[in-house]
Amino acid sequence: MLLCDNFIHGVWTKGESGTETVHSPQTGKAIGTVSQPSSAQIDAAIQFAAKAQKSWADAPVKERSKVLFDLRTILLREADAIAKLKASESGKTFDEARAGLMKGIEVLEFALAIQNLDLGGRLEISRGVSCEFRREALGVVASITPFNFPAMVPLWTMPIAIALGNAYVWKPSEKTPLTAKKIADAFQEAGLPAGVLTVLHGGVNTVNAIIDHPQVKAVAFVGSTKVAKLVYQRATNLGKRALALGGAKNHIILLPDANLELSGAGISDSFTGCAGQRCMAASVLLAVGQVDAHIEKIIQRASSLQLGSTMGAIITKAQKEFLVEAITRAEKAGAKVLLDGRKAKAPAGMEEGNWLGPTILDNIQPGSEAATIELFGPVLSIVRCKDISEALAIEASVEYGNACSVFTSSGPIAERVAKAATTGMVGINIGVPVPREPFSFGGINASKFGHGDITGHHSLDFWSNVKKITVKWEKQSDSTWMS
Ligand code: NAD
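In short, a report on the structure. Per chain, residues are indexed from 1 in the order of the written sequence. pLDDT decides what is reported in this predicted model: residues at 70 or higher carry local features, side-chain atom pairs at 80 or more are listed and counted, and totals for whole chains, interfaces and linings draw on all residues regardless. Working from all heavy atoms in the structure, the side-chain values ignore hydrogens and water.

### As for the overall build of the protein
Okay, step 1: Helix and strand content of the protein: 14 helices and 21 strands.
Okay, step 2: Put simply, the radius of gyration uses C-alpha atoms, and a globule should come to 2.2 Å times the residue count raised to 0.38. Whereas a compact globule of 483 residues would reach a radius of gyration of roughly 23 Å, the protein reaches 24 Å, a difference of no more than 12%.
Okay, step 3: When the backbone C-alpha atoms are referred to their principal axes, the protein occupies close to 80 × 60 × 40 Å.
Okay, step 4: Per-residue accessibility, obtained with a 1.4 Å probe over protein chains only, is compared with the maximum for each type, and a residue is labelled buried under 20%, exposed over 50%, and partly exposed between these values. The buried share of the protein, reckoned over its 483 residues, is 55%.
Okay, step 5: Only heavy atoms enter the contact rule, under which two residues are in contact if any of them lie within 4.5 Å. For the protein, contacts bridging at least 24 residues in sequence account for 74% of all contacts bridging at least 6.
Okay, step 6: This count recognises Lys and Arg as positive and Asp and Glu as negative, with His and chain-terminal groups excluded. By convention, the charge on Lys lies at NZ, on Arg at CZ, on Asp at CG and on Glu at CD. Positive and negative charge centroids in the protein, built from 50 and 46 side chains respectively, lie 3 Å apart. The helix and strand labels rest on DSSP assignments: H or I over at least four residues marks a helix, E over at least two residues marks a strand, and numbering proceeds from the N terminus.

Rendered as C-alpha cells:
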C-alpha cells in the first residue's frame, strides 16, 4: 500500500482532514491511501510557496532550466516505475501509461527551450528612445488535473509555468493521486527549491481553498465541462486569470474513398485507446455513404484487443455501470450493436476490476444521448449521413469543440472539413489529432473556457506578464512630441 501525503514546504506532510483509500480499476484492490489537508495547512502551504517563488523568479532562467534538464533525466530513469504505478491507479495499460509520460516529457523539452524563445527583446522605437519587453512570472499559480492522464496533463503545465519563474500548486485527481508522489519526488531530486512545487490532495474543498487564496494568481484546470465552468467562474469572479479545459464529444467523418487500412486502424485505436477515457477519443463516427467495408475493418481491429493487456480498465465501478446502461438505452432506442463490449470477459485474476470491451453502435440518431453526451468509455456511435454537408451539420450541432477528424483521400474534402469543423483541433487521416510541441493543445466552445491554449507557444502568455519598459537618457534636439 502506497501512502500519499501532501507536498508542503518540500516535505511530505500528513493531511489533517482525513484519508481516503485508492483502489485499482484493474483489480478492485486497495493500492494506496491519500491524506487531505486542512484549510490551515492549505493556507500555510501557499504562503510558503509565495515566499519560495520570489527567489525562484530571481534565479536566472538558465539556472531554472538546469533543474528542469535534470528533471528530464530523472523522469526518463524512472519512466517504467512511474508508468507501472500510473497504470495500476488509472486502469491504463503499461504501454499507454508510459506513452502518456513521454508526451509530458515532450512538453518539458519545450519548456527547456523557453530560454531561447521570446523571454524579452529591445528595439529603438524612436530617436534616442528604446522600448523593451520582459516576460515576468505571475507568482503562485495553481493547476487542477483529471484522473485520465495522471502524469501527462500535469506535465502540460508544470514545466512551462515553473520555467517562467512561478511557484506551482498542484491538486491531482482524488482518483489517481499516487503518481503525484513520484513526480514531485523527481522535481525534488532535480534540485527544485522547497515550495516551488506544492501538492495538495482532496476534492472540491481543496480546489475552492486554492482558487480563493489571495496569493494564487492564475488557475489552470483540466477535467469535465461541468467542473471546468465552475472553476473558471470562481477564479474569474475573483479577478484571476483562468484557463479551464473541459470534456469532449469528438467526431470522425469517414468517406468511401478513405484508405481502408489507415481508417480501420486510426478509428479503432482512437475510440479504444485508454479505454475511450481521453478527451481526444473518437466518440461519433459520421459514416458518409457506403462505408461498410471500412466499418468491418474497425470492428476487426477492435475485436482483436485483449482486456488487461492491450486494453485497459474503466476508472470506477460507477462509471462502468453508467456505460453499460448507456449502451442498453441506445440499443432500446433502436441502435444495432455491431460489437458488444458488455459481453467481454475480465482478465483472469482481475475479476473485481472495472472491465468493458470495445462497443460499436450503428444507426444512432443525431441528437440522441449516444450522439451528443460525453460517455467517456470505449463506445463508438455510428451516425449514417447521406453527404458531407449533413455530416458537418451534425458535427457543428454538438456543444463541445475539442477534435474532429476526417478520413478521405480527397484533398479538397479534407480542406473543407478543416475549415468547417467547430473544434480547436482537426485531424486529416489521424484518429487522435493531438498537436505536438511547439504547437499548442486546446479546444473551443464547451471544451475550453478562457483564452489561449494550455501548451506550446500559446501558453507563454497565460503563465506570465509582459512588462514594457520605455527608456530615454537624453533630450534629443530633433525630438517630436511623440519621443
Ligand atoms: P472531473 O471534472 O470530475 O475532475 C477533474 C478535477 O476537478 C479533479 O481534480 C477533481 O478533484 C476536481 N473536482 C471535481 N469536482 C469538483 C468541483 N465540484 N469543484 C471543484 N473541483 C472539482 O474530471 P475527471 O473525471 O477527473 O476527468 C475526466 C474529464 O476530463 C472528461 O470530461 C474529459 O473529457 C476531461 N478531460 C479533458 C481534457 C482536455 O484537454 N480538454 C483532458 C483530459 C481530460
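### Description of the layout of surface pockets
Okay, step 1: In this analysis a 1.4 Å probe is tested at points of a 1 Å grid over the protein atoms alone, and where it fits but cannot get out there is a cavity; an open set with protein on both sides within 12 Å along at least five of seven lines is a pocket; lining residues have an atom within 4 Å of a point. Grid points are joined across faces, edges and corners, and a volume is the space filled by probe spheres set on the points. Volume-wise, the largest pocket comes out at about 930 Å³.
Okay, step 2: Around the largest pocket, the lining is made up of 38 residues, and of these Lys175, Phe221, Gly223, Ser224 and Val227 lie nearest the centre.
Okay, step 3: When contributions to the lining of the largest pocket are tallied by element, the ones reaching two or more residues are α5 (152–163), α7 (204–212), β11 (216–222), α8 (225–237) and α11 (317–332).
Okay, step 4: Counting residues per element, the lining of the largest pocket draws most heavily on α8, which supplies six residues.
Okay, step 5: Considered class by class, the residues forming the lining of the largest pocket number 21 nonpolar, 11 polar and six charged. Any residue that is not Ala, Val, Leu, Ile, Met, Phe, Trp, Tyr, Cys, Pro, Asp, Glu, Lys or Arg is counted as polar, Gly included; the first ten are nonpolar and the last four charged.

### Description of the pairing of β11
Both faces of the sheet carry side chains from a regular strand, because those side chains alternate between them.
Okay, step 1: Taken across its seven residues, β11 has six buried, putting it largely inside the fold.
Okay, step 2: Strand pairing is defined by DSSP finding a minimum of two bridges between the two strands. Inspection of the sheet shows strand β8 (residues 140–144) paired to β11 by five bridges, in the parallel sense. Counted as the bridge partner of Ser143 is Ala220 from β11.
Okay, step 3: Summarising the sheet, β11 and strand β12 (residues 241–245) pair through five bridges and their orientation is parallel. Within the sheet, the bridge partner assigned to Phe221 lies in β12 and is Ala244.
Okay, step 4: A crossover connection joins β11 to the parallel β12 through α8; in handedness this β-α-β unit is right-handed. We call a crossover right-handed when, viewed with the strands running away from us, the connection from the first strand over the helix to the second turns clockwise.

### Examining the site of the ligand
Okay, step 1: Throughout, near means a residue has at least one heavy atom within 4 Å of the molecule or strand. Taken together, 28 residues lie around the ligand, and Lys171, Glu174, Ser224, Gly246 and Glu374 are the ones closest in.
Okay, step 2: We define a polar contact as two N or O atoms separated by no more than 3.5 Å, with the added condition that, inside protein, one atom must be a possible hydrogen donor and the other a possible acceptor, whereas residues neighbouring each other in sequence contribute only through side-chain atom pairs. Here a nitrogen atom of the ligand and a backbone polar atom of Gly246 are 2.8 Å apart.
Okay, step 3: Its atoms largely coinciding with the cavity grid, the ligand occupies the largest pocket.
Okay, step 4: When residues of the shell around the ligand are traced back to their parent elements, those giving at least two are α7, β11 and α8.
Okay, step 5: Along the lines of polarity and charge, the residues of the shell around the ligand split into 16 nonpolar, eight polar and four charged.
Okay, step 6: The two domains that each donate at least three residues to the shell around the ligand are domain 1 (2–247 + 443–468) and domain 2 (250–428). In this description, a molecule resides in a pocket or cavity if more than half of its atoms sit within 2 Å of the grid points defining it. Residue ranges assigned to each domain were obtained from an automatic or database domain assignment.

### Concerning helix α3 (residues 79–90)
Okay, step 1: The span you would expect from a helix comes to 1.5 Å times its residue count less one. For α3, which comprises 12 residues, the first-to-last C-alpha distance of 16 Å matches the rise-based estimate of 16 Å (1.5 Å per residue) to within 8%.
Okay, step 2: Of all 12 residues in α3, nine are buried; the element is thus mostly enclosed.
Okay, step 3: For α3, the full list of buried residues reads Ala79, Ile82, Ala83, Leu85, Lys86, Ala87, Ser88, Glu89 and Ser90.
Okay, step 4: Taken together, the buried residues of α3 touch β1 (2–4), β4 (19–23), β5 (30–35), α2 (61–77), α4 (94–112) and α6 (178–189).
Okay, step 5: Following α3 by one or two positions, Gly91 adopts a phi angle in the positive range, close to 90°.

### Here we look at the sheet that holds β5
Okay, step 1: Pairing is mixed in the open sheet, where three strands are placed in the order β1-β5-β4. Of all strands in the sheet, those with a lone pairing partner are β1 and β4, marking the two edges. Neighbour to neighbour, the strand axes of the sheet diverge by 25° on average, direction disregarded.
Okay, step 2: In this sheet, β5 lies alongside β1 in parallel orientation, the contact comprising three bridges. Each axis is a line fitted through C-alpha atoms, taken for helices only over the stretch in contact, and angles between the N-to-C directions span 0 to 180 degrees.

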